[in-house]
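# A closer look at the structure
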Amino acid sequence: MKLILLGAPGAGKGTQAEVICDYLNIPAISTGNIIREALKNGTEVGLKAKSYMDEGKLVPDEVVIEIIKERLAKDDCKNGFILDGFPRTVPQAEALDAMGIEIDKVIDIEVADEKIMQRLSGRRVCSDCGASYHTMYKPSKAEGVCDKCGGKTVLRKDDHPDTVKERLSVYHTQTEPLKDYYEKAGKLQIVEGQEEVKDTSALVIKALEA
Ligand code: ADP
Ligand code: ZN
């Protein structure tokens, strides 16, 4: 199954991508994580992306399209995949179509902006493996330490409130039109993501089977 998760930053795409990954045994692919990894390794892609990312802007389409092309060509994507954070603009969606990739379903996770502001200020991510936590909703066992790898968990630079506002505005203008794009293609499933993680997961699984 080839899936796309849509939704605002902080809607819980990453968390639900992991749930689907376990459920369907297909890889979850996050362009955000790939870019952060590239940044950490000091590669050219990372350097190109850094200033955009820090300001809450989108990395240019041609950069992320190249990233996703490379990633989807890998062996583990043969039986399907979950895209988390791609596409984020109409040209990115068109590029995916142009690659000849037939997406089965697009699940859009809906969360109100106020709730997102609240969530992202409490989000912590592992600076080593990228695992995601929340000070209120999903704390790591030891404060500041990743459960999975023992790395340090930190507030992402782009999770600071002013940057979150910018990301939300970018989302509404550039990414939200994708709902229409995939609705017209008959692929869109909308899921309510306001409540607890497990409630959203149940709805996501239902949407997969619908
Ligand atoms: P979130 O979904 O919480 O905003 P991500 O980790 O998916 O976080 O993305 C963080 C940042 O990485 C984005 O603000 C953007 O700068 C960059 N990025 C990730 N995916 C894309 C994409 N498909 N197109 C453009 N920029 C992207
Ligand atoms: Zn970790």
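Let me sum up the structure you'll find in this document. Nothing here was measured: the structure is a model prediction, and the numbers come from that model.

Burial analysis of strand β4 (residues 105-110) places 5 of its 6 residues in the buried class, the great majority of the element. One ladder, built from 5 bridges, connects strand β1 (residues 2-7) with β4; its direction is parallel. By the bridge assignment for β4, L6 is matched with D108. Two elements, β4 and strand β8 (residues 188-192), share 5 bridges in a ladder whose sense is parallel. When the sheet's bridge partners are listed, I107 is paired in β8 with Q189.

A metal bound by six donors in octahedral fashion has ideal angles of 90 or 180 degrees, whereas one bound by four tetrahedral donors has an ideal angle of 109.5 degrees. For the zinc ion (ligand 2), every protein donor is listed as C126 (SG), C129 (SG), C146 (SG) and C149 (SG), and the spread of their distances is 2.3 to 2.4 Å. Its 4 donor atoms give the zinc ion (ligand 2) angles of 100 to 116° at the centre, a pattern that matches the tetrahedral case. Sequence spacing among the residues donating to the zinc ion (ligand 2) works out to C-x2-C-x16-C-x2-C. Pair noted here: C126 is in strand β5 (residues 123-126) and C149 is in the loop between β6 (132-134) and β7 (153-154), with a separation of 23 residues, a long-range link. Residue classification places C126 among the buried residues on the basis of a relative accessible area of 4%. Among the residues examined, C149 registers a relative accessible area of 40% and is labelled partly exposed.

With that out of the way, let us pick up the environment of V164. Residue placement: V164 occurs in helix α7 (residues 161-175). For the pair V164 and D147, spaced 17 residues apart in sequence, the C-alpha separation works out to 26 Å. When residues no more than four places from it in sequence are discounted, the contact partners of V164 are I116, M117, L120, D158 and D159.

When the charged atoms of two side chains lie near each other, side chains of opposite charge can form a pair. Applying the stated criterion to the full structure yields 18 salt bridges. Across the pair D54 and K157 runs a salt bridge, and its minimum N-O distance is 3.6 Å. Taken together, the positions of D54 in helix α3 (residues 44-54) and K157 in the loop between β7 and α7 put the pair 103 residues apart, joining distant regions of the chain. According to the relative accessible area criterion, D54 is partly exposed, its value standing at 23%. The exposure class of K157 is exposed, given its relative accessible area of 53%.

Our next topic: the nonpolar core. Ranked by internal contacts, the top residues of the largest apolar core, which has 26 residues, are I4, L72, F81, L83 and L96. Secondary structure elements with two or more residues in this core: β1, α3, α4 (61-72), β3 (81-84), α5 (90-98) and α8 (177-184). L83 has contacts with L3, I4, L5, I29, I68, L72 and L96, leaving out every residue within four places of it along the chain. The next biggest cluster of nonpolar side chains, apart from the first, holds 20 residues, and it includes V111, L168, V191 and A207.

Of all residues adjacent to ligand 1, which total 20 residues, the nearest are T31, R36, K57, G85 and R167. The separation between a nitrogen atom of ligand 1 and a polar main-chain atom of V59 is 3.0 Å. A distance of 2.9 Å separates a nitrogen atom of ligand 1 from a polar side-chain atom of Q92. For ligand 1, whose free accessible area comes to 540 Å², the fraction covered by protein is 97%.

Here we have 3 strands laid out as an open sheet, ordered β6-β5-β7, and antiparallel in their pairing. A single partner strand is all that each edge strand has here, and the edge strands are β6 and β7. Across 3 bridges, β5 lies against β6 in antiparallel orientation. Looking across to β6, one finds that V125 is bridged to S132.

Contact geometry for helix α2 (residues 31-40) and α3: axes closest at 8 Å, N-to-C directions at 115°. With respect to α3, the axis of α2 lies roughly perpendicular. The hand of the α2/α3 crossing is left-handed. On the side of α2, the interface is formed by G32, I35, R36, A38 and L39, while α3 contributes V45, G46, A49, K50 and M53. Here the contact of α2 with α3 is built from residues that sort into 6 nonpolar, 2 polar and 2 charged.

Conventions adopted
Residues numbered from 1 in each chain as written. Chains lettered and ligands numbered in written order. Predicted model: local features only at pLDDT ≥ 70, side-chain atom pairs only at ≥ 80, totals over all residues. Heavy atoms only, no water. Buried < 20%, exposed > 50% of the residue type's maximum accessible area, 1.4 Å probe, protein only. Helix = DSSP H or I, 4+ residues; strand = E, 2+ residues; numbered from the N terminus. Pairing = 2+ DSSP bridges. Donors = N, O, S within 2.8 Å, 3.2 Å for Na, K, Ca; no water. Tetrahedral: all angles 85-135°; square planar, octahedral: opposite > 155°, others 65-115°. Contact = heavy atoms within 4.5 Å. Salt bridge = Lys/Arg side-chain N within 4 Å of Asp/Glu carboxyl O. Core = buried A, V, L, I, M, F, W, Y, C linked by side-chain atoms within 4.5 Å. Near = heavy atom within 4 Å. Polar contact = N/O pair within 3.5 Å; in protein donor to acceptor, adjacent residues only side chain to side chain. Areas by Shrake-Rupley, 256 points an atom, 1.4 Å probe, with all protein chains shown as cover. Axes fitted to C-alpha atoms, helices over the stretch in contact; angles between N-to-C directions. Parallel < 35°, antiparallel > 145°, perpendicular 65-115°, else oblique. Left-handed = near helix turned anticlockwise from the far one by under 90°. Nonpolar A, V, L, I, M, F, W, Y, C, P; charged D, E, K, R; others polar.

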